[in-house]
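Descriptive analysis of the structure
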Amino acid sequence: MRFTTEEIVSVIKEQIAGYHLDLEAQETGTVLEVGDGVARVYGLRKVMMGELLIFPNQVYGLAMNLEEDHVGCVLLGDETLIKEGDLVRRAKRVIEVPVGEALIGRVVNALGQPIDGKGPVITNDFRPVENDAPGIAEREPVKVPLQTGIKAIDTMIPIGRGQRELIIGDRQTGKTAIALDTILNQKHSGVICIYVSIGQKTSKLAQAVHVLGSKGALLYTIVVAATADEQATMQYLAPFAGCAMGEFFMRQGKDVLIIYDDLSKHAVAYRTMSLLLRRPPGREAFPGDIFYLHSRLLERAAKLNAASGGGSMTAIPIVETLAGDVSAYIPTNIISITDGQIILSSELFFGGVRPAINVGLSVSRVGGNAQIKAVKQVAGRLRLDLAQFRELESFAQFGAELDQTTQARLNRGFRIVEVLKQEQYQPMSIYNQVVLIFAVTQGFLDDLPVESIRRFEKDLLHFMQIEAQPFYRRLDEIRFLDKELTDELRKLITRFKERFQAGKS
């Protein structure tokens, strides 16, 4: 078969008409050296701070040091897949994580990738891990309570929605237990919870996930994990990733609680990265911008006003101390950033007072603004009574003779301490707390043996659940104890106490 010249020309013209030359100019650099999770790259003149870089074999990096003749970046993948001389491309975007409803109930890493074996996270929404904190014009005062379910906190160190409250103490004093109890207590509150595990052992993370799953809390919780065996880069990114996920819900007008467990290990991970990048070390070998690192993270927690959607994000960072030294560098930094701190004491913990909260040193700078009126009414003198008791207790140890008034205060103090003790993973409703604190501060427990206080507490709440539903309904309506409710509560407790002492409870 032969083609004519015209046919050949027409085919060539068609091919030329359909040809599009797509040229894309890419700025590339060359790997100068790689090791310890850090790479130095030459040639990326227009790269931005925090920009993603694409290495061979789909390994990503994060530009951290913009120096005169090279860029220092930390790697987000396996450094053994990269060698000297490899080409590096700019991604021209900052690092983002998936956000949205699809993440609730999942365990993800610092990049938002699932690590729980439940399949992919399907969402079209992404958010940069670094965002500006809401400005003053977008915020409003913190005044809506976020109940933890822990008697000692809700009555004396209240936390409000949009607040930043630090939990600080030595290792093994119950810091994580308080954080998990707070998550469990949000079951019917509509608050979305995010638990960020930074530098923890995998076994501890698995235990936390098991607790949340077994108590039904994963239905409203996202777990972001960067365990101790992961790169320092992933541990550095984890809290920022969790914060970005929380901001998505906050901007939709929802309430969010985020736990950072813990920021001591986050600071150590950042110090590791900074020293590998050859940044000059400062106090305790931390880089000079360590304060800015945590302030720009925690400032993103806020209570937004109605014009900005009305959502909130409450941050509860955890910091570990060494031998109770809260004056170390990282603890003092974070204390100065947050709106109060809950200090846990090893002495109290090993003395059987759990949660081991040192009420004298702990403080909430939001205070009574984040409490319902009923709690303010019953807990007004509680903190003062407890502080006086601690002082008298140490004085009484010297064997000094005590007058009747002092002895009565001591006896009341022992009963207050006993009432404030609480089992792990058993948060208590705020109205049950009102009943118990009213009973102890009004002297109903003064003539009971200390060893029977826990049984009295348990039986009283059971009695109230059965016989005091109208009282609870009325209290839920008005949220404070008027004269009528106060008289009714006195009668209920008196009636129960008679039964209890008669052995009929």
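The text that follows walks through the structure, step by step, so that each part is easy to find. (Residues numbered from 1 in each chain as written. Predicted model: local features only at pLDDT ≥ 70, side-chain atom pairs only at ≥ 80, totals over all residues. Heavy atoms only, no water.)

**Description of the overall build of the protein chain**
Stated precisely, the cut-off is as follows: Labels follow the DSSP assignment, with helices taken as runs of H or I lasting at least four residues and strands as runs of E lasting at least two, numbered in each case from the N terminus. The buried label applies to any residue whose accessible area, calculated with a 1.4 Å probe on protein chains only, is under 20% of its type's maximum; exposed applies above 50%, and partly exposed to all values in between. Contacts are assigned to residue pairs with any non-hydrogen atoms lying within 4.5 Å of each other. We get accessible surface area from the Shrake-Rupley algorithm with a probe of 1.4 Å; when it comes to residues, only the shown protein chains can shield them.
A tally of regular secondary structure across the protein chain gives 16 helices and 16 strands. The principal-axis extents of the C-alpha atoms in the protein chain amount to approximately 115 × 50 × 40 Å. Across the 505 residues of the protein chain, 53% fall into the buried class. Nonlocal contacts in the protein chain, meaning residues at least 24 apart in sequence, comprise 73% of its contacts between residues at least 6 apart. Carbon and sulfur atoms make up 52% of the accessible area of the protein chain, which amounts to about 24,000 Å² in all.

**Here we look at the pattern of salt bridges**
Basically, it comes down to this: Whenever a carboxyl oxygen of Asp or Glu lies within 4 Å of a side-chain nitrogen of Lys or Arg, that contact is scored as a salt bridge.
Summed over the entire model, instances satisfying the criterion amount to 32 salt bridges. Notably, a salt bridge pairs Asp262 with Lys265, separated by 3.2 Å at the nearest N-O pair. Between Arg474 and Glu477 there is a salt bridge whose closest N-O contact spans 3.7 Å. Taken together, the residues Arg474 and Glu477, both in helix α15 (residues 469–478) and 3 residues apart, mark about one turn of the helix. Assessed through its relative accessible area of 32%, Arg474 is described here as partly exposed. A relative accessible area of 59% places Glu477 in the exposed class.

**Re empty space enclosed by the protein**
Heads up, the condition is: Note on definitions: the grid is 1 Å and covers protein atoms alone; a cavity is a set of points where a 1.4 Å probe fits but cannot get out; a pocket is an open set with protein on both sides within 12 Å along at least five of seven lines; lining residues have an atom within 4 Å of a point. Grid points are joined across faces, edges and corners, and a volume is the space filled by probe spheres set on the points. Residue classes follow a fixed rule: Ala, Val, Leu, Ile, Met, Phe, Trp, Tyr, Cys and Pro count as nonpolar, while Asp, Glu, Lys and Arg count as charged, and any other residue, Gly among them, counts as polar.
Per the stated rule, a full pass over the model turns up 1 cavity of 30 Å³ or more. Lining of the largest cavity is provided by Pro145, Leu146, Gln147, Asp154, Pro158, Ile159, Ala370, Gln371, Ile372, Val375 and Ile430. Per-class residue counts for the lining of the largest cavity are 8 nonpolar, 2 polar and 1 charged.

**Re the layout of surface pockets**
By volume, the largest pocket amounts to about 830 Å³. Surrounding the largest pocket, 31 residues form its lining, Gln172, Gly174, Thr176, Ala177 and Lys204 being those nearest its centre. Looking at the lining of the largest pocket, the elements with two or more residues in it are α3 (175–184), α4 (202–214) and β14 (312–321). Among the elements that line the lining of the largest pocket, the one with the most residues is α3, at 6 residues.

**Quick notes on the pairing of β14**
In plain terms, the rule: By definition, two strands form a pair when at least two bridges between them are found by DSSP.
The element β14 is extensively covered by neighbouring structure, given that 9 of its 10 residues are classed as buried. Note that strand β13 (residues 255–261) and β14 share 7 bridges and pair parallel. Its bridge partner being in β14, Ile259 is matched across the sheet by Ile316.

**As for the sheet that holds strand β8 (residues 107–108)**
Spatially, the 8 strands line up as an open sheet ordered β8-β12-β11-β13-β14-β10-β15-β16, and their pairing is mixed. Single-partner strands in this sheet number two, and they are β8 and β16 (363–364).

**Some points on the nonpolar core**
Across soluble globular proteins, nonpolar side chains have a tendency to be buried as a group. Selection criterion: The term nonpolar core refers to a set of buried residues drawn from Ala, Val, Leu, Ile, Met, Phe, Trp, Tyr and Cys, joined through side-chain atoms within 4.5 Å.
In terms of nonpolar packing, the biggest core is built from 84 residues, with Ile183, Ile357, Leu445, Leu460, Met464 and Phe471 touching the most fellow members. Here the element with the most residues in this core is helix α13 (residues 430–441); it accounts for 9 residues. Not counting residues up to four positions away in its chain, the partners in contact with Ile357 are Ala152, Ile153, Ile157, Ile178, Ile342, Ile343, Leu344, Leu348 and Ser362. With 64 residues, the next largest nonpolar core counts Ile54, Phe248, Tyr260 and Ala267 among its residues.

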